[in-house]
Each structure stands twice: as structure tokens, then as C-alpha cells.
Amino acid sequence: MQLIIEINQYLTIKRWLKAISKSELIDGYLIGIKNLSLDAPKMFSLEEAKLFIDEIHHLNKHVYLNVMRLFHQEALTKAIEIINKLNLNKDDFIIFGDIGLFMLLHDKYKMIYYAPTYLTNTKDVALYQNICYNVIVSNQVSKDELIKITNYVPNTIIELFGQEAIFYSRRPLLTNYFIHTEKKNNPLHLNYYVQEELRSDLHPVIEDEAGFHLYECKHYYLLEELPKLTSPNKGLIRTIFLDKTSTIKIIQIYNDYFMNYITMSEAQNCLSKMAIETYKGSYDMKTILLKKETIN
Amino acid sequence: MNKQIELLAPAGNLEKAKIALMYGADAVYVGGKEYSLRARASNFTMEDLKELAAYAHEQNKKVYVTMNIIPHDEDLDDYNNLCDYLRHLEKIGISAIITSSLFIMKTAKEIVPNLEVHVSTQMSITNSEAIKFYEMMKATRVVLAREVSLNEMALIKANTNLEIEVFIHGGMCASYSGHCVLSNHMTLRDANRGGCAHSCRWNYHLYQGKKKLNAKGHFFNMGSKDLMALKYIPSLIDIGITSLKIEGRMKSAYYLATVVRCYRLFINKYLEKGFITEEEFKWYYEEILKAENRETGCGFYNGIPTINEQLYDTRDETPTKEYVGDVISYNEDNQTVLIAQRNYFMIGDELEFFGPHLHNTSYVVSSMIDAQTKEELTVARHPLQKIYIKVPFKVQTFDMIRKKFND
């Protein structure tokens, strides 16, 4: 399985990028751009992005462009303008979340569909994979569902690691709240959290020009399941909310495991010693419909 | 004025569906026992759907069935069941399915090509290019995301061939529909398969770093006011929107009757005259408030919502009128109506009768008799108690009765 690594602020450091790019396992880098991307830990300006894309190409890696947000009518036109100004080559990819964007760009770029709440069953995944260049299977399925989907639909992309976005609103909820409460806080800062009244979990929230985004409080990961996930050809490592040490460590664990430098139990051991909280996420969840139903 | 528009109402059971059609909806959307969101709505058996379709067709109206869950494998494993379900829907006269799954869309077009496919708001369609994709998939109509503004609706409509349906009234998700798994993570209840626990409406503390920002007793709230787009109806008609959708499959029959009737009268008035006066608008607005609405706002119609569209620390679900009874029958000879009590009322109360063909008519109750015991009553206190009341005007079965809340 090849790896796609999401660029955060730490991975923009040239010597680090160069070091990890030595791994043949890394196929490319997912980059975020202002006014295009969703849930990206680092949002480049157009000019910054062009320089960084050159760097990625220079390292013989592919660019995966994060265009995962939903676009309203006029914003879609602007998004296309931005994309067309970038120095992507024919081997680069666009990971998109809005099917309208696909309609405008599929003749020109390799389009990968990212819809974690939609790509939740074998049949829909197969259909979309047939239409698009590829798909990223939902991270909102159980591990059994993931195994089934990827066995049936080969060569998909799966999410190996990340912190789930669980709420995506167009409403500027922080901005409006600060106006309502007459506070002078800047809603665009990056250290806000919400905590449900009766619980202790702190969920990071971010507001940007796309809206308000709420995330799970822990990082999910796939590791023990990997021996059963033989057909996906690429694994995506998301790096939002990761600190410097954890970013490098996570990439190293997956790289070393897939390169057979370390065993599964060694990889598990490395992960357990990290300073971040991890869990299995939706891969280990069985949702119920009604309160009266119980989990088997 | 030569414009048409469909008024589309929700219904959680057969009785409500008939009420919605009776009170002026051109079509209703309902959930079957399978593949539908709103798992807590009663949902319709195939027999219910058949009866409803027949009832609707007698009045030249339509029934749409929701198949709008975002399915997992267990929901789609039985392909034959899906095909049989679709065939049954077509056979009994359902006009369209509303779906979120490309696979269900494709299967429907293959198995029952004459059954229309409408693309659910769960797909969060926000631009005309996305609509072109669904046109390729042979959908007939799309339901736009509730985040689309009125100006954007006009732009979208001008650039698409498909029918456009928009929400005009009712609850709004705080997140883009179909993109929220807050309930899944907070309660293990799958928001995209009918189990949403409305976690966005709970109370939250807000922190910046380790510092709590909300004052004691107050919270950071994400829930939004309900949508009421009454004043935008003329623009929606003029733009060429096909269908105006009311949300609320779990709402009561009284709510449906009140809200549907109000929008029906408003639409008819605008289509007839080409404008609505300020005074007329005020009447329609006050009419809607007689149902049990939450606080309402204009949603995204004017663009990005401000604090006026958010709910903060308040919950207002008190209607201006209380639903007190249903008309069962009326005897013109002795001017006596037989009603079923729905809430407490008493001699001396001013009741307001209303119906699909009955203007609001007020009447002070001066006498009433229990239909079973024949005793004279001073209060109607028992739910569904059958009561005779003399009224000097004609009413019909399925008309409803309400009264002002006591202070």
C-alpha cells in the first residue's frame, strides 16, 4: 500500500519533507489551499502553493490537491479559476467533495471523490469509482464494512489515520456567538473547543470562510486491521491537530510497517507510546437507530 | 398569472397525509417502512401507500416516497428486496422516490424507468454543475441544500434543466445535510439512517484554550431557528422553482393543517393577484403562529445567517392558539356539530373553526352535550371525548377547532 501524507505546518520544512520523501512508499502529498480546501491543517495561498507544488514535483512525488469543500454557485467558478492557475501536472490528483467540481474538471484532471458520509456501502463506492478516477472509502463505516467494501471494490484509497470532522456547517457559529455575547474574540483563531454540557470530551472547532467545523477529540487509526485490507492501493494519513513529533512519528510507523522494517506488535507499541490520544473511531462503532435498540 | 408551483407537505402517517392533501398540499412525501430517514416517524406500510396514492390521485395530486437513508451494506444487501420494493411503489401509483444513494437511483431507473427519481437534500446540492451530474443519472428533480440563498436559487435555476425543489418551512439542520455525524459520535445514533438525536441542539461550553468563554448558566448553541420563508414565496414562484417543501414528518395533523393551509392560501392569492399587501402578509404570518412552531427565521434565504437565525439559550414552542378539537360531522338541520376533543375548553371560550374550505370563524361556546351520556357539559376535559355543540354556520368533517391560550 502506498501512502498519501497530508501536509501540515511541520511538513513544509524543506529538510523534513526531503527526508520523508526518500521513502518509495510515499506516493504524494495532500495540500490545502485557501478558498478551496476543507479540514486542511495548512492552507497555502495561491503563490505559496505554486512554490510548494514545484518542490513536491522536484522530489518526484504527486500532488493531491484538497478541494473537498462544497461550493455554492459563484464560489465554484472562483474555485476553477484558482485550480487552473496552479502548476499541477497530468499525474497529479484532485480530491474533491462536490460533484459539481467533478463535472467541470474530470476531462482535465484525475479526480478522486472524498465523501466520508456518502461512500458507506459497496455498491455506491463501486459506482462512484467507475465514474471518477478513484474514491476514498468512508471513515464512517465499521472495520468489517471497510473490509467488505475494499474486498469488493479493489484499488480504492482508505484513511489510515486522522481526526474525524463530524460536523460541517456553513453558518459562522463562532462569529455569531461572539456578536451575540459581545465578546471581542477572533473566531478565526485555532484554539477553540466545545464540550457538551454533561460530558468531558473537548472537541476542537475551527471557523473559516467555508463555515464552522467540529472534530472528534481523538485520532482514529487503522493498524491491526491492515493485514485484512489487502486490496486498497493507497492509504491516506491526515495530520490535522498533530504536533511536530507526532507528525513525524505517525508517518514513520506506517512507513516502517508497510516496508516490513517493524512488525505489527512493534508498530502497535510505538503508537501506544505516543503522546496523542487515539481510538478506533467509527471503525469500531456500531450505530443504533433508536434508543430502544441495543448494541450486539 | 400563468405560473404554477407545487406545495409539498410531509406526513408521518396516513391520517396526516390525507389532512395535508385536504388542506391544500399538491403532493405529500412520506416514508415507507424501508430505506427512509425519520425512523421515529410511523412510516407507511405498502397498504397505507396504496390507499394514499389512490386518495391523492382522485384529487389529481401526488405521493412521493422517501428512500433517503445513506445506506450501509446491510441496507442494500438484498438486491431483490430493493427491486421488489421499487416495483411495488410504481405499481401502486407512487409518483417519485426521493433518494440519497446513487445505487438506488441507478437501480430505480433500470427497474422502474417511469418512476421519477428526486435527489434528496441529503446530497447537499449547492450549484448547477452538481445538478448536471444528476441529470446524467436521469433524475427528474433535485432538492437543493437549505444553505442555498434566494439569489443562488435564481442562478441555479437559470442554469439547469431539472426541476428544483426548495424548503420553505420547518426545522433546519445546523450542518450541511448528509455531512453530519455528530449524533453518531455523541449517541451512536446514525443521523444519516434516520436516528439523528439532534445533538446540535444541545448545550455546549465553549473554550479558548483552557479558558471557558460562556458565562455560567449560558451556553454556546449550534441549533438554528426554524425556517419560515413566507415572504419569499412570490420570488420563488417568479424564479420558476417547481416545488415548495415543508419539513416535518413528525409534526402533528393540526400543525400540518395550519401551516399547509396558510401557504396554500398565500400561494393562491399571489397567483391570482400578482402581489400580496402588507396587511395580507400580516394575516398569513399570524396564521402560521397558531401552530406549534419553534422560533423562526429566514435561514439562508438572505445569505449567510446572522445571529437573528440562531437559537441562543431560548426555546419558544408556544403557539398563539391551542388545538382543541376535530369536526367529525355536522347536522345542517339542527345546526349541531359533533366534535372530538383534543384539549381542554369550556363554556364561554371563544373557539376558532377553520378548514380547507372554511375561513377562520370564531364562535363563543354557549352550550355543549356529551355525545355518549347526553349530559350537558360545562367543560370538555377528556381527550377524544365526543361532544355536540350548536354552531350557526356550516362546518365539514376534518375541519379543526382551536382557541386562544388562557393567560
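The preceding data block contains the structure.
These numbers come from a predicted model, not from an experiment.

Undergrad: Describe in detail the overall build of chain B, supporting the description with residues and values.
TA: When its secondary structure is counted, chain B shows eleven helices and 22 strands. Judged by the C-alpha coordinates and their principal axes, chain B covers about 65 × 60 × 45 Å. Looking at the 407 residues of chain B, the share that counts as buried comes to 61%. Within chain B, contacts between residues separated by at least 24 positions form 67% of all contacts whose residues are at least 6 apart in sequence. For chain B, the exposed surface amounts to about 16200 Å²; the carbon and sulfur share of it is 48%. One finds the centroid of the 48 positive side-chain charges in chain B at a distance of 3 Å from the centroid of its 51 negative side-chain charges.

Undergrad: Give me the lowdown on the nonpolar core, citing residues and values where you can.
TA: Within the largest apolar cluster, 184 residues are counted, with the highest numbers of intra-cluster contacts made by Ile94, Leu101 and Tyr254 of chain A together with Tyr134 and Ile168 of chain B. Among the elements that take part in this core, helix α10 (residues 253–273) of chain B stands out by supplying 13 residues, more than any other. When residues no more than four places from it in sequence are discounted, the contact partners of tyrosine 254 of chain A are Leu3, Leu25, Leu160, Phe161, Tyr221, Leu222, Leu223, Leu226 and Ile237 of chain A. If you look at the next biggest cluster of nonpolar residues, it comprises 23 residues, including Tyr177 and Val194 of chain A together with Val181 and Tyr204 of chain B.

Undergrad: Could you give an account of helix α7 (residues 173–180) of chain A, naming the residues involved and the relevant values?
TA: The complete set of buried residues in α7 of chain A reads Leu173, Leu174, Asn176, Tyr177 and Phe178 of chain A. Residues of α7 of chain A that are buried in the fold lie against β9 (165–169), β10 (192–196), β11 (203–208) and β12 (211–215) of chain A together with β8 (204–208) of chain B. Glutamate 182 of chain A, located one to two residues past α7 of chain A, shows a positive phi value of around 55°.

Undergrad: So what's going on with the interface of chain A and chain B? Residues and values would help.
TA: Counting residues at the interface gives 68 residues for chain A and 77 residues for chain B. Around 6800 Å² of area is buried between chain A and chain B when both sides are counted, 61% of it from carbon and sulfur atoms. Area buried by chain A at its contact with chain B is led by Gln73, Tyr118 and Arg171 of chain A, which between them contribute 12% of it. Here chain A and chain B share two salt bridges between them. Between lysine 148 of chain A and aspartate 77 of chain B there is a salt bridge, and its shortest N-O distance comes to 2.9 Å. Here chain A is connected to chain B by 42 residue pairs in polar contact (both at pLDDT 80 or more). Mapped onto the side of chain A that touches chain B, the elements with two or more residues apiece are α3 (73–85), α4 (99–105), α5 (122–131), α6 (143–152), β9, α7, β10 and β12 of chain A.

Undergrad: Run through the side chain of histidine 72 of chain B, naming residues and quoting values.
TA: Here histidine 72 of chain B is to be found in the loop between β3 (62–67) and α3 (73–76). Assessed through its relative accessible area of 6%, histidine 72 of chain B is described here as buried. Polar contacts involving the side chain of histidine 72 of chain B include one to the side chain of glutamate 145 of chain A, which spans 2.9 Å. Apart from the residues lying within four places of it in its own chain, the contact partners of histidine 72 of chain B are Thr120, Asn121, Gln140, Val141 and Glu145 of chain A together with Asp190 and Arg193 of chain B.

Undergrad: Give a detailed account of the pairing of β9 of chain A, specifying residues and quantitative values.
TA: All names here are of chain A. Of all the five residues making up β9, four are buried; the element is thus mostly covered by neighbouring parts of the structure. Bridge count for β9 against β12 is four bridges, and the pairing is antiparallel. Along β12, the bridge assignment pairs alanine 165 with tyrosine 215.

Undergrad: I'd like to hear about the packing of aromatic side chains, residue by residue, with values.
TA: One pass over the structure, following the stated rule, counts 30 aromatic pairs over all chains. With a centroid separation of 6.1 Å and an interplanar angle of 50°, the aromatic rings of tyrosine 79 of chain B and phenylalanine 103 of chain B are classed as tilted. Within this pair, whereas tyrosine 79 of chain B is found in helix α4 (residues 79–91), its partner phenylalanine 103 of chain B is found in helix α5 (residues 102–111), the two being separated by 24 residues in sequence. One aromatic cluster is present, built from ring pairs that chain together Phe167, Tyr177, Phe178, Tyr192 and Phe212 of chain A together with Phe220 and Tyr312 of chain B. The lysine or arginine in question, lysine 245 of chain B, covers the ring of tyrosine 29 of chain B, its NZ or CZ lying 4.3 Å from the ring centre.

Undergrad: Now, about the sheet that holds strand β19 (residues 376–377) of chain B: what can you tell me, with residues and values included?
TA: The strands making up a sheet are joined through hydrogen bonds of the backbone, oriented either antiparallel or parallel. All names here are of chain B. On the basis of which strands lie adjacent, the open sheet formed by eight strands has the order β17-β16-β22-β13-β14-β21-β18-β19 and antiparallel pairing. For this open sheet the edge positions go to β17 (358–364) and β19, each flanked by a neighbour on one side alone. Judged from the six bridges that link them, strand β13 (residues 321–331) and strand β14 (residues 336–341) form a sheet pairing that is antiparallel. Following the sheet pairing, valine 327 is matched in β14 by isoleucine 339.

Undergrad: Describe helix α2 (residues 46–58) of chain B, naming the residues involved and giving the relevant values.
TA: In an α-helix, one turn spans 3.6 residues; hence positions three or four apart end up facing the same way. Residue and element names in this part refer to chain B. In a regular helix each residue adds 1.5 Å, so 13 residues correspond to 18 Å; α2 covers 18 Å between its end C-alpha atoms and thus fits that length. Those residues of α2 hidden inside the fold are in contact with α1 (14–22), β2 (27–31), β3 and α4. Trailing α2 by a residue or two, asparagine 60 shows a phi angle of about 60°, which is positive.

Undergrad: Just give me the short version of the sheet that holds β8 of chain B, but keep the residues and values in it.
TA: Spatially, the six strands line up as an open sheet ordered β9(A)-β12(A)-β11(A)-β10(A)-β8(B)-β9(B), and their pairing is antiparallel. Among the strands making up the open sheet, the edge pair consists of β9 of chain A together with β9 (211–212) of chain B. As judged from the four bridges shared by β11 of chain A and β12 of chain A, these two strands associate in the antiparallel manner. Within β12 of chain A, the position partnered with glutamate 207 of chain A by the bridge is phenylalanine 212 of chain A. Against the sheet, α7 of chain A contacts β9, β10, β11 and β12 of chain A together with β8 of chain B, and its axis sits at roughly 90° relative to β11 of chain A.

Undergrad: How would you sum up the packing of α1 of chain B against α2 of chain B? Please name residues and give values.
TA: Residues and elements named next belong to chain B. Direction vectors running N to C along α1 and α2 enclose 10°, while the axes themselves pass 10 Å from each other. Relative to α2, α1 is oriented roughly parallel. Where α1 crosses over α2, the handedness of that crossing is right-handed. Each of Leu14, Ala17, Lys18, Leu21 and Met22 in α1 lies in contact with α2, whose residues at this interface are Asp48, Glu51, Leu52, Tyr55 and Ala56. Looking at the contact of α1 with α2 residue by residue, the classes come out as seven nonpolar, no polar and three charged.

Undergrad: So what's going on with unusual backbone geometry? Which residues, and what values?
TA: At asparagine 35 of chain A, a residue that is not glycine, the phi angle is positive and equals roughly 70°. With a phi angle near 65°, lysine 374 of chain B is a residue other than glycine that sits in the positive phi range. As for its position among the elements, lysine 374 of chain B is in the loop between β18 (368–370) and β19.

Undergrad: Just give me the short version of the pairing of strand β21 (residues 386–390) of chain B, but keep the residues and values in it.
TA: Along any regular strand the residues' side chains alternate between the sheet's two faces. Residue and element names in this part refer to chain B. Burial along β21 is one-sided: Ile387 and Ile389 are buried, while Lys386, Tyr388 and Lys390, pointing the other way, are not. Here β14 pairs with β21 via five bridges, running antiparallel. Looking at the pairing, valine 337 lines up with isoleucine 389 of β21. Sheet analysis places β18 next to β21, joined by three bridges and oriented antiparallel. Of the residues in β21, the one forming a bridge with methionine 368 is isoleucine 389.

Undergrad: An account of the pattern of salt bridges is needed here, citing residue identities and associated values.
TA: Residue and element names in this part refer to chain B. Across all of its chains, the model carries 38 salt bridges over all chains by this definition. Ionic pairing is found between lysine 394 and glutamate 332, a salt bridge with its closest N-O pair at 3.6 Å. With lysine 394 in the loop between β21 and β22 (400–404) and glutamate 332 in the loop between β13 and β14, this residue pair connects regions lying 62 residues apart in the sequence. The exposed category is assigned to glutamate 332, whose relative accessible area is 53%. Among the ionic contacts, a cluster of salt bridges with common partners joins Glu6, Arg141, Glu163, Glu165 and Lys245.

Parameters and conventions
Residues numbered from 1 in each chain as written. Chains lettered and ligands numbered in written order. Predicted model: local features only at pLDDT ≥ 70, side-chain atom pairs only at ≥ 80, totals over all residues. Heavy atoms only, no water. Helix = DSSP H or I, 4+ residues; strand = E, 2+ residues; numbered from the N terminus. Buried < 20%, exposed > 50% of the residue type's maximum accessible area, 1.4 Å probe, protein only. Contact = heavy atoms within 4.5 Å. Areas by Shrake-Rupley, 256 points an atom, 1.4 Å probe, with all protein chains shown as cover. Lys, Arg positive; Asp, Glu negative; His and termini not counted. Charge placed at Lys NZ, Arg CZ, Asp CG, Glu CD. Core = buried A, V, L, I, M, F, W, Y, C linked by side-chain atoms within 4.5 Å. Buried area = accessible area lost by both parts, 1.4 Å probe. Salt bridge = Lys/Arg side-chain N within 4 Å of Asp/Glu carboxyl O. Polar contact = N/O pair within 3.5 Å; in protein donor to acceptor, adjacent residues only side chain to side chain. Pairing = 2+ DSSP bridges. Phe/Tyr/Trp six-rings, centres within 6.5 Å; stacked < 30°, edge-to-face > 60°. Lys NZ or Arg CZ within 6 Å of the ring centre and 35° of its normal. Expected span 1.5 Å × (residues − 1). Axes fitted to C-alpha atoms, helices over the stretch in contact; angles between N-to-C directions. Parallel < 35°, antiparallel > 145°, perpendicular 65-115°, else oblique. Left-handed = near helix turned anticlockwise from the far one by under 90°. Nonpolar A, V, L, I, M, F, W, Y, C, P; charged D, E, K, R; others polar.

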